[in-house]
Amino acid sequence: MSLAHGHDLIAIPGPSPVPARVLNAAHRASPDIYDDGLAEFNLSVMAQLKRLAGTTQNLAPYIGNGHAGWEASAANLFDCGDHVLVITCGHFGRSWAQMLEEMGIKVERLDFGNLPSDPARLAERLAQDRNRTIRAVMVCQTDTASATMADIPALKAAMSGHPALLVVDAIASLGCAPMKMDEWGVDVLIAASQKGMMCLPGTSFVWFSDRAAEQGRKQGVSPYWNWTLRAQSQALWRFWGGTPPVQQIFALHEALTMIMEEEGLPAVWTRHARLARVVWAAVDAWGANGSGIALPVRDPQTRALSVTAVTMPRADELRAWVTRECGVTLGVGLGADDPAGALRIAHMGHCNAAMMMGALGAIEAGLTALDIPHGHGALEAAATSIARF
Ligand SMILES: *Cc1c(COP(=O)(O)O)cnc(C)c1O
């Protein structure tokens with residue numbers, strides 16, 4: 001008999017759990033979209049979003065998921081044939097590179113497989129670019145598939161003396177890990193609502209520096225995607241390129257208030273870092289005695305704070321078991337060298353210690369039920385990490 005009935009526990013890295021308060025905030029009848037009060041309210045949410053990213057510069061919102069943010073930013077930055085360098089550390093970096101290529105951009109990959117980037121290799125490559133043809137360096141702060149985290153200030157330092165723009169995909173990290181767009185010199189930042197922002201899927205955001213606006217494509221930006229029209233607009237409909245997603249704007253306001261006004265952004269970052277360590281402690285314990293269970297990203301400094309990748313024999317069977325028997329959904333081994341032998345545990349957004357213990361406890365039960373060899377003491381290690389951080 002399955003023990004899966006009750007409150008589901010979803011531990012996939014997006015869409016992440018949406019707080020009931022945020023769902024309730026969206027549960028409103030449509031207001032008059034030409035009302036001045038609504039336009040003001042929208043601007044206040046845009047101001048919250050700028051604070052979340054650590055910028056006072058420009059923001060263009062889009063109705064669309066993260067892929068829309070990718071395409072919108074590229075449509076504003078590049079002409080066909082422009083040369084860009086994409087740092088790839090996993091499935092998402094690789095998909096981004098492919099999309100750019102399909103848009104006619106000349107993409108060069110600085111490839112790290114499924115492992116974290118090395119700023120020294122970026123510095124080396126840029127030093128060879130004597131004619132300065134590389135227009136932008138593009139990188140995922142967190143590649144959600146490999147659960148790696150890039151050191152954005154170190155990558156920026158590696159670009160010193162080269163005029164390329166720094167474009168960062170923070171879709172899986174904004175609201176989970178520190179981001180200080182202006183202080184770090186990020187030119188373009190992309191995020192979406194359904195991960196660290198704890199909201200419904202369906203909106204994405206492109207923050208861009210004045211420098212990016214100057215160096216971006218001047219002519220031929222298709223009007224719907226044009227970031228200047230959106231960022232400089234006061235009219236609500238123009239901001240969103242048509243009818244604004246009003247219920248989502250209410251939801252965003254609630255979620256951003258929880259993150260920035262109530263818990264506080266530094267505390268949110270610390271909570272993610274602590275929950276990540278709870279998960280790492282358990283995986284390290286399972287990995288004892290050569291069980292083959294391991295964290296593929298060895299250096300904790302380069303691990304994502306919002307999701308952990310685990311290599312584990314028969315991970316696909318284990319995932320099916322914990323869903324069927326315990327009501328826990330874990331992430332698939334997306335883009336892993338051996339996807340059947342990999343899974344991901346999300347600790348992204350609206351998550352707490354009890355949820356992590358629940359997910360880890362279900363995995364422990366699954367390892368036992370399926371006779372997958374594993375080291376002991378994982379739950380105790382996780383509990384100790386909660387108790388004595
Ligand atoms: C989820 C994700 C995307 C894609 O976002 P969608 O909303 O699914 O289009 C892109 N990059 C990263 C790093 C992601 O985590």
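My aim in this report is to walk through the structure given alongside it, one point at a time. This structure is a prediction, so every number in the text was calculated from the model and none was measured.

**Comments concerning helix 2 (residues 36–53)**
A rise of 1.5 Å per residue sets the reference length of helix 2, with its 18 residues, at 26 Å; its end C-alpha atoms lie 26 Å apart and thus fit the reference within 8%. Those residues of helix 2 that sit buried are L38, A39, N42, V45, M46, Q48, L49, L52 and A53. Between the side-chain oxygen at the start of helix 2 and the backbone nitrogen of G37 there is a gap of 3.0 Å, and the oxygen is on D35. Of the residues trailing helix 2, G54 is marked for its positive phi of about 75°.

**A few points about helix 15 (residues 378–387)**
For helix 15, the complete set of buried residues consists of A378, A382 and S385. For helix 15, the angular spread of buried residues about the axis comes to 60°, placing them on one side. Across helix 15 from its buried face, at more than 90 degrees, point the exposed residues E380 and A387. Elements in contact with the buried residues of helix 15: helix 12 (265–286) and helix 14 (353–369).

**Regarding the site of the ligand**
The ligand sits among N65, G66, H67, W70, F92, T142, T144, D169, I171, A172, Q194 and K195. Here an oxygen atom of the ligand sits 2.7 Å away from a polar atom, N or O, in the main chain of G66. A distance of 2.7 Å is found between an oxygen atom of the ligand and a side-chain nitrogen or oxygen belonging to Q194. The site holding the ligand turns out to be the second largest pocket. Per-element tally for the shell around the ligand: the top contributor is helix 3 (residues 66–77), with three residues. For the shell around the ligand, a count of residues per class yields four nonpolar, six polar and two charged.

**A look at the sheet that holds strand 12 (residues 328–332)**
Read across the sheet, four strands follow the order 1-12-13-11 without closing on themselves; strand pairing throughout is mixed. Edge positions in the sheet fall to strand 1 (9–11) and strand 11 (307–311), since each has one partner strand and no second. Going from strand to strand, the sheet's axes swing by 30° on average, the running direction of each strand aside. Of the pairings in the sheet, the one linking strand 11 to strand 13 (residues 342–346) comprises five bridges and is antiparallel in character. Each bridged residue has a counterpart across the sheet, and for V307 the counterpart in strand 13 is A346.

**What to know about the layout of surface pockets**
If you add up the space inside the largest pocket, you get close to 360 Å³. Lining the largest pocket we find 18 residues, and of these M149, P178, Q301, R303 and L305 sit closest to its centre. Among the secondary structure elements, those contributing two or more residues to the lining of the largest pocket are helix 6 (152–158) and helix 12. Counting residues per element, the lining of the largest pocket draws most heavily on helix 12, which supplies four residues.

**Comments concerning the pairing of strand 10 (residues 203–208)**
Within strand 10, six of the six residues are buried, which leaves it mostly tucked inside the rest of the structure. As paired elements, strand 2 (residues 58–63) and strand 10 share six bridges and run antiparallel to each other. Residue pairing in the sheet places L59 in a bridge with W207 of strand 10. Direction of pairing for strand 9 (residues 188–192) relative to strand 10: antiparallel, over a ladder of five bridges. Looking at strand 10, one finds that A192 is bridged to S204.

**Let's talk about the packing of helix 13 (residues 315–326) against helix 14**
Where helix 13 meets helix 14, the closest approach of the two axes is 9 Å, and the angle between their N-to-C directions is 115°. Comparing the axis directions of helix 13 and helix 14 gives the class roughly perpendicular. Note on packing geometry: the crossing formed by helix 13 with helix 14 is right-handed. Touching L318, W321, V322 and C326 of helix 13 are A362, I363, A365, G366, L367 and A369, all from helix 14. Residues belonging to the contact of helix 13 with helix 14 are distributed by class as follows: nine nonpolar, one polar and no charged.

**Considerations on the sheet that holds strand 5 (residues 134–140)**
Across the sheet, which stays open at both edges, the seven strands sit in the order 2-10-9-8-5-3-4 with mixed pairing between neighbours. The open sheet has two edge strands, strand 2 and strand 4 (106–111), and neither has a second partner. Strand-to-strand, the axes of this sheet are offset by a mean angle of 20°, without reference to chain direction. Examined bridge by bridge, strand 5 and strand 8 (residues 165–169) share five bridges and lie parallel to one another. Within strand 8, the position partnered with A136 by the bridge is L165. Where helix 2 meets the sheet, its contacts fall on strand 2, strand 9 and strand 10, and the angle it forms with strand 2 comes to roughly 110°. Taken strand by strand, helix 3 contacts strand 2, strand 5, strand 8, strand 9 and strand 10, and its axis lies near 155° from that of strand 9.

Rules of the game
Residues numbered from 1 in each chain as written. Predicted model: local features only at pLDDT ≥ 70, side-chain atom pairs only at ≥ 80, totals over all residues. Heavy atoms only, no water. Helix = DSSP H or I, 4+ residues; strand = E, 2+ residues; numbered from the N terminus. Expected span 1.5 Å × (residues − 1). Buried < 20%, exposed > 50% of the residue type's maximum accessible area, 1.4 Å probe, protein only. Polar contact = N/O pair within 3.5 Å; in protein donor to acceptor, adjacent residues only side chain to side chain. Arc of directions from axis to C-beta. Contact = heavy atoms within 4.5 Å. Near = heavy atom within 4 Å. 1 Å grid on protein atoms, 1.4 Å probe; cavity = no way out; pocket = protein on both sides within 12 Å on 5 of 7 lines; lining within 4 Å. Sits in = over half its atoms within 2 Å of the grid points. Nonpolar A, V, L, I, M, F, W, Y, C, P; charged D, E, K, R; others polar. Pairing = 2+ DSSP bridges. Axes fitted to C-alpha atoms, helices over the stretch in contact; angles between N-to-C directions. Points joined across faces, edges and corners; volume = space filled by probe spheres on them. Parallel < 35°, antiparallel > 145°, perpendicular 65-115°, else oblique. Left-handed = near helix turned anticlockwise from the far one by under 90°.

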